[in-house]
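# Secondary and tertiary structure notes
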Amino acid sequence: MPKQRKKTLIRDLQRSRLSDRRSVVTIGSFDGVHLGHQAILRRVIDEAERLNSRAVAMTFEPQPQEYFSAQTAPPRLMRLREKIEALLDFGMDTVVCLRFNEQLRQLTAEQFVRDLLVDAVKTQQLIVGDDFRFGCDRKGDFQMLVDFGRQLGFTVQDTQTVEVENQRISSTLVRKLLEKADFKQVSALLGRPFAITGKVTFGQQLGRKLGFPTANVNLNRFRAPLTGVYAVWVDIEGVGSRLRGAANVGVRPTIGDVVKPILEVHLLDFNQQIYGRRISVEFVHKVRDEKHFASLDDLSASIRDDVKTIGQWFDKTHS
């Protein structure tokens, strides 16, 4: 693992100009920060150390696909905060997170290079995939970057595909595996277990009324990378040991009160108030898909069965 480096997040390059130190830069969505991303980040860090430069990851919020069509964009593997923390924890000196808006969308390829890469972050070396596209109408490509680099004083390197078991590692592949609940393979591609983190919010207390209080986390997105009922491990801010839990991810079709999916976790061996605390929910086993029930009594009975099934699964696999 790369050594610990100074961590800086920049959301506005006009207000937070970087120092005159030059940068080794990579650009991408970095959703999931999987092993493919990590290989690129490692190269950036190694080159930055060799050149005595700054290691920079540039990303966008919202992601371009979300800007153009939020409801049909691929579900995120990570919240923005999770992604930024993962990039900085991996060893990047700086994460530049640019707001993707109409002004940024309209930048030509040359403006993108001159204004952002050269003037703002002082790029000395750029490391991106050879299929990277940029600028309005995505007219900028890898060869254009090489040409601009020769004119403006930076070099460009492409990245090699990272594979696991002859499969190219990508965020798309991780999403497909999550849909299949293949958490072992997901962990292999991410280099860590898949988890969702967030702050516990106040809900309608419906779970408590049904006899199964839940910690609710709003996902703030139209689609989640997985839906259904799961056995999970839960880490709670301020609590030393991880806890067993039964989680539901979805839109609660029986209640019909939400449009965007939420994460609800019933902790099997814990009954303390944790509103406002951050939790990390690691998914380890799928029990069933989310479904609509005819009544709250039917829903309550199903939750009871789910909790029992999940408790038995934990006893069997972690006894």
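Everything below is about the structure shown above.
This report concerns the structure included in the present document. None of the values given here were measured: they were computed from a predicted structure.

## Side note on the overall build of the protein chain
- Helices and strands together make up the secondary structure of the protein chain, namely ten helices and 14 strands.
- Here the protein chain displays about 16,100 Å² of accessible surface, and carbon together with sulfur accounts for 46% of that area.
- Counting 48 positive and 39 negative side-chain charges, the protein chain places the centres of these two groups 3 Å from one another.

## Re helix H5 (residues 109-120)
- Residues Ala-109, Phe-112, Val-113, Leu-116, Leu-117 and Ala-120 constitute the buried set of H5. Down the axis of H5, the buried set is contained in an arc of 150°. They therefore lie on one face.

## Side note on the environment of Trp-233
- Residue placement: Trp-233 occurs in strand E11 (residues 228-236).
- We classify Trp-233 as buried; its relative accessible area is 10%.
- In sequence terms Trp-233 and Arg-244 are eleven residues apart; their C-alpha atoms lie 5.0 Å from each other.
- Those residues within four positions of Trp-233 in sequence are excluded, and the remaining contacts are Arg-242, Leu-243, Arg-244, Ser-280, Val-281, Glu-282, Val-284, Phe-314 and His-318.

## A few points about helix H8 (residues 183-190)
- For H8, the set of buried residues is Phe-183, Gln-185, Val-186, Leu-189 and Leu-190. Mapping the buried residues of H8 onto a view down its axis gives an arc of 160°, with all of them on the same face.
- Looking at the buried side of H8, the elements it contacts are helix H1 (35-51), strand E7 (163-164), strand E8 (167-168), helix H7 (171-179), E11 and strand E14 (278-288).
- Looking at the residues trailing H8, positive phi occurs at Gly-191, about 80°.

## Points about the side chain of Gln-185
- Among the secondary structure elements, Gln-185 is positioned in helix H8.
- The class of Gln-185 is buried, set by a relative accessible area of 13%.
- For Gln-185, the residues in contact, after removing those within four places along its chain, are Val-164, Glu-165, Gln-167 and Leu-177.

## Let's talk about the pattern of salt bridges
- Tallied over the entire structure, the rule returns 14 salt bridges.
- Linking Arg-244 and Asp-315 is a salt bridge whose minimum nitrogen-to-oxygen distance equals 3.1 Å. With Arg-244 in strand E12 (residues 243-250) and Asp-315 in helix H10 (residues 296-317), this residue pair connects regions lying 71 residues apart in the sequence.
- One connected set of salt bridges, linked through shared partners, spans Glu-61, Glu-66 and Arg-76.

## Observations regarding the sheet that holds strand E4 (residues 94-99)
- With respect to topology, six strands assemble into an open sheet ordered E1-E4-E3-E2-E5-E6, the strand pairing being parallel. With one partner strand each, in any of the chains shown, strand E1 (8-10) and strand E6 (155-158) form the two edges of the open sheet. The mean inter-strand angle of the sheet, taken between neighbouring strand axes irrespective of direction, is 25°.
- As defined by bridge partners, E1 adjoins E4 across three bridges and the pair is classed as parallel. By the bridge assignment for E4, Leu-9 is matched with Val-95.
- Packing against the sheet, H1 makes contact with strand E2 (23-27), strand E3 (54-61), strand E5 (123-128) and E6, and its axis sits at approximately 160° to E5.
- Helix H6 (residues 142-152) rests against E5 and E6 of the sheet, and its axis sits at about 155° to E6.

## Some thoughts on the nonpolar core
- Leu-263, Ile-279 and Phe-283 are the most contacted members of the largest nonpolar core, which totals 34 residues.
- Secondary structure elements with two or more residues in this core: H7, H8, strand E10 (215-218), E11, E12, strand E13 (262-267) and E14.
- Apart from residues no more than four positions distant in its own chain, Phe-283 is found in contact with Phe-183, Phe-194, Ile-196, Leu-226, Tyr-230, Ala-231, Val-232, Ala-247, Val-249 and Leu-263.
- In terms of nonpolar packing, the next biggest core, distinct from the first, is built from 30 residues, Met-58, Leu-107, Ala-109 and Val-146 among them.

## Comments concerning the sheet that holds E14
- Pairing within the open sheet is antiparallel, and its six strands lie in the order E9-E14-E11-E12-E13-E10. Strand pairing shows two members of the sheet lacking a second neighbour, strand E9 (195-199) and E10, which therefore form its edges. Each neighbouring strand pair of the sheet contributes to a mean axis angle of 35°, computed without reference to strand direction.
- In the sheet, E9 pairs with E14 via five bridges, with the strands oriented antiparallel. Following the sheet pairing, Ile-196 is matched in E14 by Val-281.

What counts and what doesn't
- Residues numbered from 1 in each chain as written.
- Predicted model: local features only at pLDDT ≥ 70, side-chain atom pairs only at ≥ 80, totals over all residues.
- Heavy atoms only, no water.
- Helix = DSSP H or I, 4+ residues; strand = E, 2+ residues; numbered from the N terminus.
- Areas by Shrake-Rupley, 256 points an atom, 1.4 Å probe, with all protein chains shown as cover.
- Lys, Arg positive; Asp, Glu negative; His and termini not counted.
- Charge placed at Lys NZ, Arg CZ, Asp CG, Glu CD.
- Buried < 20%, exposed > 50% of the residue type's maximum accessible area, 1.4 Å probe, protein only.
- Arc of directions from axis to C-beta.
- Contact = heavy atoms within 4.5 Å.
- Salt bridge = Lys/Arg side-chain N within 4 Å of Asp/Glu carboxyl O.
- Pairing = 2+ DSSP bridges.
- Axes fitted to C-alpha atoms, helices over the stretch in contact; angles between N-to-C directions.
- Core = buried A, V, L, I, M, F, W, Y, C linked by side-chain atoms within 4.5 Å.

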